[in-house]
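Next come the chains, spelled out residue by residue.
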Amino acid sequence: MKSQVGYRRCTSLSLRKINEKKPLVHCITNYVVANFTANGLLAIGASPVMADAIEEVTEMASIADSLLLNIGTLNDRTIASMQAAGQSANAHQVPIVLDPVGAGATEFRTRTTLALLEQLKVSLIRCNMGELAAIAGVNWHSKGVDSGSGELDVVQTAKTIARNYHCLVIVTGETDVLTDGVQVERITGGHDKITKVTGSGCLLSAICAAMLASSNDPFTDLANLLREYKQVSEWAYGPIGTLHENFLNHLERFAEGTE
Amino acid sequence: MKSQVGYRRCTSLSLRKINEKKPLVHCITNYVVANFTANGLLAIGASPVMADAIEEVTEMASIADSLLLNIGTLNDRTIASMQAAGQSANAHQVPIVLDPVGAGATEFRTRTTLALLEQLKVSLIRCNMGELAAIAGVNWHSKGVDSGSGELDVVQTAKTIARNYHCLVIVTGETDVLTDGVQVERITGGHDKITKVTGSGCLLSAICAAMLASSNDPFTDLANLLREYKQVSEWAYGPIGTLHENFLNHLERFAEGTE
Amino acid sequence: MKSQVGYRRCTSLSLRKINEKKPLVHCITNYVVANFTANGLLAIGASPVMADAIEEVTEMASIADSLLLNIGTLNDRTIASMQAAGQSANAHQVPIVLDPVGAGATEFRTRTTLALLEQLKVSLIRCNMGELAAIAGVNWHSKGVDSGSGELDVVQTAKTIARNYHCLVIVTGETDVLTDGVQVERITGGHDKITKVTGSGCLLSAICAAMLASSNDPFTDLANLLREYKQVSEWAYGPIGTLHENFLNHLERFAEGTE
């Protein structure tokens, strides 16, 4: 279960900050990963709440510490709820993370992503390369909700998007990129087998939302968080069913500061 | 994996009764916990069926052995289905368990809970303290769908609710309370780490529905069931990912009478 | 974790073909099993994409390698999406697998199943005996979405259905039956404990969709796939929580050719 890095005491790290703050994260997310997202947030000490009815999202977002909008299984009902929740979050200074799952895969997802970015003040976009390309209007060959392939200057594109929308951008991949439009952090390491756990990217977006609710220095804390997430994916390496279990176990230990 | 209690043969216990009866439990529940609920019911020998379309819930509830209504990710479509299913269940003497997830967290959830309690004859309300407070109209500081904190005479409030709605009430927490409005059982023990498994409360509600379908003495059998559930949570203790696996394993063994 | 069969190198088997092709499988499925289905498809190297909004299913189905329609938690919105996705799949020669979950349990499910079979050219129906009986209009005592019990000549009925709808039919049970209306394969073995993992049948349907996208000889490849699935269920045998983990692990190893 362990890489060569082995156990170590971690000090002042990002997942621990979340575990100390225990933020309430309002998630409007897809039904494929809702359970894994909730369990992943619980593993690090955050409190997930999934609520997507238009009748209540305004209230729920207003009392949450952060809001996650994930369009993985979007439909007209939940898009309206995302807009209402987002407006409430903006009105109450609740930070929003947008995960534009599958932007570029269908025109509907691209259009919805761009509409949400126009209507709301988003604090962070967490996406893969294909989704970044879709937001930027760059040609790309996507494959469903997976990243796909194409030519893209990830760093420059991410910086442009960050400046256009006045937000942070995280593009995950073999190398993760974090930018605020000026500064850029590149994070390497990890193990790409984690992409075979459905929702590992969606969970990262949810954890980023928990991070924004727990941080006074989002850029630094998110960079550390990305390093920790890659570390967890490395430590969790194993057969696919075992990897799920390991991943939650290591997230928990990291958040508790016991590894 | 084992607490100091160790293995033991259990005789005439509640989970075993469910395993003998193998009831069909119609669940209208939230998409976060639907999979875990189905697997938990299967682990104890019950047959879950999830169906929430207005076109079929009347028929499905009429042939089920019990009905679970869980408002965890309610919306106008599923509320209408809960009402229709509940009316059908009432007409066919199929017992109903209501899990008012997040009542008190938003006005919409509180209102929906009270409406369902007015419209339907519910056999059991299974809730946490925050939800109990919401049903009773008591001030409480809730935190999303978690229990939250506040001052509340749990036993007295539960008894009042039980009498008002002519039903059983279970309030889970460090000490579980079961009441029919007159008798009260307090169940201690267990391990609160189980609350870090999303849906552990929702699954308990579903198992209570299976219990009502398998019992000639609901009050006694539910009290025993709560003891067994706490015991399982103790035995399952471990790192969070491992706890999930252990929990299903111990539920199964308990239901089969092999521990 | 191993049956007496032990490890062995498998050559030119069905799961390996999927792992080589890595097809994009568009799933319109139920929220109970969506996560398990996605993880199971990822375990064998396929790319799942869940999208059920009417605004995008036409586009998504047109770029997919196969389409799964599973009515486990159907409603009017998703039925319309299944029809639209199916028509797009037909127009683009994308094979369709229909999993008529719970047909026979309610009139709504039976009617929807028959309507989809009338409106669409389906390549494969993957069902249990109760669902087969419902499609054939045979009397049967179903139990929710489980198979139920009754008298049925499975092989003759499956052959008739296959001929009527010009498709392959797989009826799973203690003995699986595969037919194209003329040829019949019977597959025995496996372990029925796998039916206690919710969605094991639904996942099989999704894997059959991945198979159709990866095969030049569907009848032969599906017959082998059924053997492999039964083998995996045997190897995965264990306590219920452990069985989940084992099942994904063995699917992965089989697809990678390492067992």
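Keep in mind that what you see is a predicted model, and the values were worked out from it rather than measured.

**Here we look at the overall build of chain A**
At step 1: A tally of regular secondary structure across chain A gives ten helices and ten strands.
At step 2: By its C-alpha atoms, chain A is 45 × 40 × 35 Å across when sized along the principal axes.
At step 3: Buried positions account for 63% of the 259 residues belonging to chain A.
At step 4: Long-range pairs, those at least 24 residues apart, make up 71% of the contacts in chain A between residues at least 6 apart in sequence.

**Focus on the relation of the copies chain A and chain B**
At step 1: When chain A is fitted to chain B, the best match, at an RMSD of 0.0 Å, comes from turning it 120° and sliding it 0.0 Å along the axis. The superposition operator between the copies reduces to a three-fold rotation axis. Among all C-alpha atoms of chain A, that of Tyr 31 of chain A lies closest to the rotation axis, at 3.4 Å.
At step 2: Counting the interface residues of chain A, we find that no more than 12% of their copies in chain B are interface residues as well, pointing to two distinct contact surfaces.

**Digging into the sheet that holds strand β9 (residues 176-179) of chain C**
Residue and element names in this part refer to chain C.
At step 1: If you walk across this open sheet you meet the eight strands as β2-β1-β3-β4-β5-β8-β9-β10, and the pairing is mixed. Whereas interior strands pair on both sides, the edge strands pair on one side only; in this sheet they are β2 (47-50) and β10 (184-187). Across this sheet, the average inter-strand angle for adjacent strands is 20°, counted without regard to direction.
At step 2: With four bridges connecting them, strand β3 (residues 66-70) and strand β4 (residues 96-99) associate as parallel partners.

**What to know about the sheet that holds strand β4 (residues 96-99) of chain A**
All names here are of chain A.
At step 1: Across the sheet, eight strands lie side by side as β2-β1-β3-β4-β5-β8-β9-β10; this open sheet has mixed pairing. Across the chains shown, the open sheet's two edge strands, defined by having one partner strand only, are β2 (47-50) and β10 (184-187). Direction aside, neighbouring strands of the sheet carry axes that sit 20° apart on average.

**Points about the relation of the copies chain C and chain B**
At step 1: Expressed as a screw transformation, the operator carrying chain C onto chain B has a rotation angle of 120° and an axial translation of 0.0 Å, and the superposed copies differ by an RMSD of 0.0 Å.
At step 2: A share of only 12% of interface residues in chain C that are also interface residues in chain B marks the association as one of differing surfaces.

**Section: the interface of chain C and chain B**
At step 1: Taken together, the 25 residues of chain C in the interface contact 25 residues of chain B.
At step 2: Of all the secondary-structure elements, those providing two or more residues to the side of chain C that touches chain B are α2 (34-43), α5 (107-119) and α10 (240-256) of chain C.
At step 3: It is α10 of chain C that contributes the most residues to the side of chain C that touches chain B, four residues altogether.
At step 4: Broken down by class, the residue content of the side of chain C that touches chain B amounts to eleven nonpolar, eight polar and six charged.

**A short note on the interface of chain A and chain B**
Interfaces are often described in size by the accessible area the parts lose on coming together.
At step 1: The interface is formed by 25 residues belonging to chain A together with 25 residues belonging to chain B.
At step 2: Of all elements in the fold, only α2 (34-43), β2, α3 (57-63) and α10 (240-256) of chain A reach the threshold of two or more residues within the side of chain A that touches chain B.
At step 3: The element best represented in the side of chain A that touches chain B is α10 of chain A, accounting for seven residues.
At step 4: Broken down by class, the residue content of the side of chain A that touches chain B amounts to 13 nonpolar, six polar and six charged.

**Details of the pairing of strand β5 (residues 124-127) of chain A**
Residues and elements named next belong to chain A.
At step 1: What you see with β5 is no split at all: Leu 124 and Arg 126 on one side and Ile 125 and Cys 127 on the other are buried throughout.
At step 2: Relative to β5, β4 is paired through two bridges, and the arrangement is parallel. The partner of Leu 98 across the bridge, within β5, is Ile 125.
At step 3: The parallel pair β4 and β5 is bridged by helix α5 (residues 107-119), and the resulting crossover is right-handed.
At step 4: Note: β5 against strand β8 (residues 168-171), four bridges, orientation parallel. Pairing of Leu 124 across the sheet is with Leu 168, part of β8.

**Some words on the environment of Gly 144 of chain C**
At step 1: You can see Gly 144 of chain C is positioned in the loop between β6 (141-143) and β7 (146-149).
At step 2: Judged by the 24 C-beta atoms lying within 10 Å of it, Gly 144 of chain C falls in the buried class.
At step 3: Each C-alpha atom of the pair Gly 144 of chain C and Val 122 of chain C lies 24 Å from the other, and the pair is 22 residues apart in sequence.
At step 4: Those residues within four positions of Gly 144 of chain C in sequence are excluded, and the remaining contacts are Leu 24, Ser 47 and Val 49 of chain B together with Gly 102 and Ala 105 of chain C.

**Topic: unusual backbone geometry**
Residues and elements named next belong to chain A.
At step 1: Of note, His 166 is a non-glycine position whose phi angle comes to about 50°, a positive value.
At step 2: Following the sequence through the fold, His 166 ends up in the loop between α7 (154-165) and β8.
At step 3: His 166 gets classed as exposed once you count the C-beta atoms within 10 Å, which come to 11.

**Some words on the packing of helix α2 (residues 34-43) of chain B against helix α10 (residues 240-256) of chain B**
Residues and elements named next belong to chain B.
At step 1: At a minimum axis separation of 8 Å, α2 and α10 run at an interaxial angle of 30°. One element, α2, and the other, α10, form an angle in the roughly parallel class. Across the interface between the two elements, Asn 39, Gly 40 and Ala 43 of α2 pack against Leu 248, Leu 251, Glu 252 and Ala 255 of α10.
At step 2: In the contact of α2 with α10, the residues fall into four nonpolar, two polar and one charged.

**A word on α5 of chain C**
At step 1: With 13 residues, α5 of chain C ought to run about 18 Å at 1.5 Å a step, and its terminal C-alpha atoms sit 18 Å apart, in line with that.
At step 2: In this fold, the buried residues of α5 of chain C make contact with β3, α4 (76-91), β4 and α6 (129-136) of chain C.

**Observations concerning the environment of Leu 114 of chain C**
All names here are of chain C.
At step 1: For Leu 114, the position within the fold is in helix α5.
At step 2: The exposure class of Leu 114 is partly exposed, given the 15 C-beta atoms found within 10 Å.
At step 3: Leu 114 sits 86 residues away from Ile 28 along the chain, and the two C-alpha atoms are 17 Å apart.

Criteria and thresholds
Residues numbered from 1 in each chain as written. Chains lettered and ligands numbered in written order. Predicted model: local features only at pLDDT ≥ 70, side-chain atom pairs only at ≥ 80, totals over all residues. Helix = DSSP H or I, 4+ residues; strand = E, 2+ residues; numbered from the N terminus. Buried ≥ 20, exposed ≤ 12 C-beta atoms within 10 Å, placed from the backbone. Contact = placed C-beta atoms within 7 Å. Least-squares fit on C-alpha atoms with pLDDT ≥ 70 in both. Pairing = 2+ DSSP bridges. Axes fitted to C-alpha atoms, helices over the stretch in contact; angles between N-to-C directions. Nonpolar A, V, L, I, M, F, W, Y, C, P; charged D, E, K, R; others polar. Right-handed = clockwise from strand over helix to strand, strands pointing away. Parallel < 35°, antiparallel > 145°, perpendicular 65-115°, else oblique. Expected span 1.5 Å × (residues − 1).

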